[in-house]
Amino acid sequence: MTYREKIDGFLSQKIIAVAGVSRNPQGHIGNFIYRKFKTSGYKVYQLNPAASEIEGEKCYPTIMSIPEKVDAVFVATNAKDSADVVRQCSEAGVKKIWFHKAFGPGNYTEEAVRLCKDYNIEAILSGCPAMFLNADFGHKCFKFFLKVSGKLR
């Protein structure tokens with residue numbers, strides 16, 4: 001499956017959870033992507049085990065605590081927590097995960113990637129939904145540079 005097919009498959013989902021929204025939202029990718037999905041018409045849930053509310057909206061500690069089935073999960077947690085998110089996805093029947101990664105190491109570990117394979121979860125290992133959802137100029141540039149550098153996979 002191509003990168004673009006994975007992106008299209010993920011973005012065709014209707015109910016998305018964002019793991020790793022922060023109680024200190026300024027400049028945090030999880031909060032930004034949560035808002036991006038929300039303003040793009042998705043039903044989206046916030047995940048943070050240490051908060052019951054973020055930016056005035058309900059936040060859930062786990063994927064299983066969300067009151068309806070989630071179709072896909074975007075991961076913006078600390079990489080050390082990514083394998084736990086994958087385990088939660090497996091338990092909840094979620095088959096699509098997108099791990100945030102721009103120019104750094106990304107928000108996942110090799111264990112998380114291996115677990116995705118073990119659980120038959122389709123994983124996107126690079127990029128950001130903001131490059132595809134009404135992309136601003138900066139995200140269009142990120143997309144271009146990541147694409148020409150071969151880092152979108």
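See the structure above.
Residues numbered from 1 in each chain as written. Predicted model: local features only at pLDDT ≥ 70, side-chain atom pairs only at ≥ 80, totals over all residues. Heavy atoms only, no water.

K.L.:
What is the right way to look at the nonpolar core in this model?
P.N.:
In a soluble, globular protein the nonpolar side chains are often hidden away together inside. Residues Ile 63, Val 70, Val 73, Val 86, Cys 89, Ile 97 and Phe 99 are the most contacted members of the largest nonpolar core, which totals 27 residues. Of all the elements in the fold, those that place two or more residues in this core are β1 (15-19), β2 (43-47), β5 (72-75), α3 (82-92), β6 (96-99) and α4 (110-118). At 5 residues, α3 tops the list of elements feeding residues into this core. Setting aside chain neighbours within four positions, we find Ile 97 in contact with Phe 10, Val 73, Val 75, Val 86, Cys 89, Cys 116, Ile 121, Glu 122, Ala 123 and Ile 124. Grouped together as the second largest cluster of nonpolar side chains are 24 residues, Leu 11, Val 18, Ile 33 and Ile 54 included. (Core = buried A, V, L, I, M, F, W, Y, C linked by side-chain atoms within 4.5 Å. Buried < 20%, exposed > 50% of the residue type's maximum accessible area, 1.4 Å probe, protein only. Helix = DSSP H or I, 4+ residues; strand = E, 2+ residues; numbered from the N terminus. Contact = heavy atoms within 4.5 Å.)

K.L.:
How do you make sense of the packing of aromatic side chains when you look at a structure like this?
P.N.:
Any pair of aromatic rings gets described here by the distance separating the centres and the angle formed by the planes. Throughout the structure, instances matching the rule amount to 6 aromatic pairs. A centroid spacing of 5.3 Å and a plane angle of 90° characterise the contact between Phe 10 and Trp 98, whose relative ring orientation is edge-to-face. On the criterion of sequence distance, the pair formed by Phe 10 in helix α1 (residues 3-11) and Trp 98 in strand β6 is long-range, its members being 88 residues apart. Residue Phe 10 is classed as buried on the basis of its relative accessible area of 1%. (Phe/Tyr/Trp six-rings, centres within 6.5 Å; stacked < 30°, edge-to-face > 60°.)

K.L.:
Before we go on, may I ask you to explain the side chain of Asn 48 in this structure?
P.N.:
Looking at the secondary structure, you find Asn 48 in the loop between β2 and β3 (53-54). Here Val 21 takes part through its backbone oxygen, which lies 2.7 Å from a polar atom of the side chain of Asn 48. Looking at Asn 48, its side chain comes within polar contact range of the main-chain nitrogen of Ala 50, at 2.7 Å. Among residues more than four places away in sequence, those in contact with Asn 48 are Val 21, Ser 22, Arg 23, Ile 54, Cys 59, Tyr 60 and Pro 61. (Polar contact = N/O pair within 3.5 Å; in protein donor to acceptor, adjacent residues only side chain to side chain.)

K.L.:
Can you help me understand the environment of Phe 99 in this one?
P.N.:
Within the secondary structure layout, Phe 99 lies in strand β6. Considering only alpha carbons, one finds Phe 99 and Thr 109, 10 residues apart in sequence, at a separation of 9.9 Å. Setting aside chain neighbours within four positions, we find Phe 99 in contact with Val 75, Ser 82, Val 86, Asn 107, Tyr 108, Ala 112, Cys 116, Ala 123, Ile 124, Leu 125, Ser 126 and Gly 127.

K.L.:
Looking at this model, I keep getting lost on the pairing of β6. Mind explaining?
P.N.:
The two faces of a sheet get side chains in turn, since along a regular strand they alternate between them. Covered by surrounding structure in β6 are Lys 96 and Trp 98 together with Ile 97 and Phe 99, the residues of both alternating faces. Note that β5 and β6 share 3 bridges and pair parallel. Among the inter-strand pairings, Val 73 is bridged to a residue of β6, identified as Ile 97. Crossover connection from β5 via α3 to parallel β6: handedness right-handed. Sheet topology note: the β6/strand β7 (residues 122-124) ladder contains 3 bridges and is parallel. Bridge pairing in β7 places Ile 97 opposite Ala 123. (Pairing = 2+ DSSP bridges. Right-handed = clockwise from strand over helix to strand, strands pointing away.)

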